[in-house]
Each structure stands twice: as structure tokens, then as C-alpha cells.
Amino acid sequence: MFKHHFIFAFTAAITLLAGCATGSRPVSVADTLASQPQLSTLNGLVAKAGLTDTLKGTGPFTVFAPTNEAFSKVPAAALQALANDPVKLKAVLTYHVLPAKVMAADVKNGNSKTVNGANLALSKAGDFVTVEDALVQTPDISATNGIVHIVDGVLMPPAGR
């Protein structure tokens, strides 16, 4: 009996390890955001704005994803007001998204139109990529429907967008 339990446990462990090895396959942009602990604030706001399904769609998308630390620099009252206003929240979040797949190496100095409809200033100097005043900290996280670049700042669209 002990032998059978050992074989079962050993087989289960091998199956689990094999699953972990293949579990790193690319997932959607939305799932990529959800899998990054340093993006939990952004992920929560994406869900609150009803954008999760959009970011699981066909894309392609490029998301400039602010870290939790970036959101902590936004005054708490302003962040709470944003979270309570679905229209403004969606406008701010879609300002972080390009309707194309743009790898860091492909960034050109100039403006790119966001899903929000406003232009976003992108620039590159050597290996450094900036978007508006935010620096890309972790570039080129691949997803099945686009790419995620982790940035150190929250981007605010121009007034009226």
C-alpha cells in the first residue's frame, strides 16, 4: 500500500512540475497586468473601469503600466475621485494604451495616438524610453494580444480628453 501512495504522490508531483514549466505561456494584456504584483493598483482600476474584457480582446495593444509606487505619488483624494468617476477613470486608463504593438526598440521620438484619442509623447535615448514624463522601467513584457511596458509614473491626458 505504501508503494502505491508513493507512486501516486511522485506522479502528482511530476505532473505539477510539468504544469509549472508550461504555465509561463503568454497570456492577454489584461492577464499580464493581473499577474504582476507591482501592478495591482492598475489592475484594480482596469477592472473598475470595465476594461478587463477589452484588454483580453484581439488587440494589438501597448500598455504603459504604472506601478503601485507610481499611483502612490498621486494625491489620495485625486485618486479616489478618479476611481469614483467611471468616465474620467476610463479616459485616464485608455491614455496609457496604444492601439498597436510597440516594442521598446521600435519607439520613435514623437507623438502616438492613444486609445483615448489624445496624443502621447514617446521618446527614446539609447536604451531609455520615456512616455510623457514617465520612464519605462521594465520594457517588452509579451502578451498574446500586445505588449506591456512598466512605467514609473501615472499619465494624465490633456484636459477635455
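Predicted, not measured: the structure shown is a model, and the values here were computed from it. (Residues numbered from 1 in each chain as written. Predicted model: local features only at pLDDT ≥ 70, side-chain atom pairs only at ≥ 80, totals over all residues. Heavy atoms only, no water.)

(A) Structural view of unusual backbone geometry. Here G59 and P60 are connected by a cis peptide whose omega angle stands at 5 degrees. Despite not being glycine, E132 shows a phi value in the positive range, around 55 degrees. Even without a glycine there, the phi angle at D140 is positive, about 60 degrees. Inspection of the secondary structure assignment puts D140 in strand β6 (residues 134–143). (Helix = DSSP H or I, 4+ residues; strand = E, 2+ residues; numbered from the N terminus.)

(B) Geometry of the environment of L122. Structurally, L122 can be placed in strand β4 (residues 119–125). Overall, the relative accessible area of 4% leaves L122 in the buried class. Residues L122 and V107, 15 residues apart in the sequence, show an inter-C-alpha distance of 7.0 Å. If near-sequence neighbours (up to four positions away) are discounted, L122 is found in contact with F64, L98, V107, K108, N109, G110, S112, T130 and V131. (Buried < 20%, exposed > 50% of the residue type's maximum accessible area, 1.4 Å probe, protein only. Contact = heavy atoms within 4.5 Å.)

(C) Just helix α3 (residues 40–48), in detail. Buried within α3 are the following residues: L42, L45 and V46. Within α3, the buried residues cover an arc of 105 degrees as seen down the axis, which keeps them to one side. Buried residues belonging to α3 abut α2 (29–35), α4 (52–55), β1 (61–66), α5 (68–72), α6 (76–83) and α7 (86–94). Phi turns positive one or two residues past the end of α3, at G50, with a value near 75 degrees. (Arc of directions from axis to C-beta.)

Any link to function would need more than the numbers given here.
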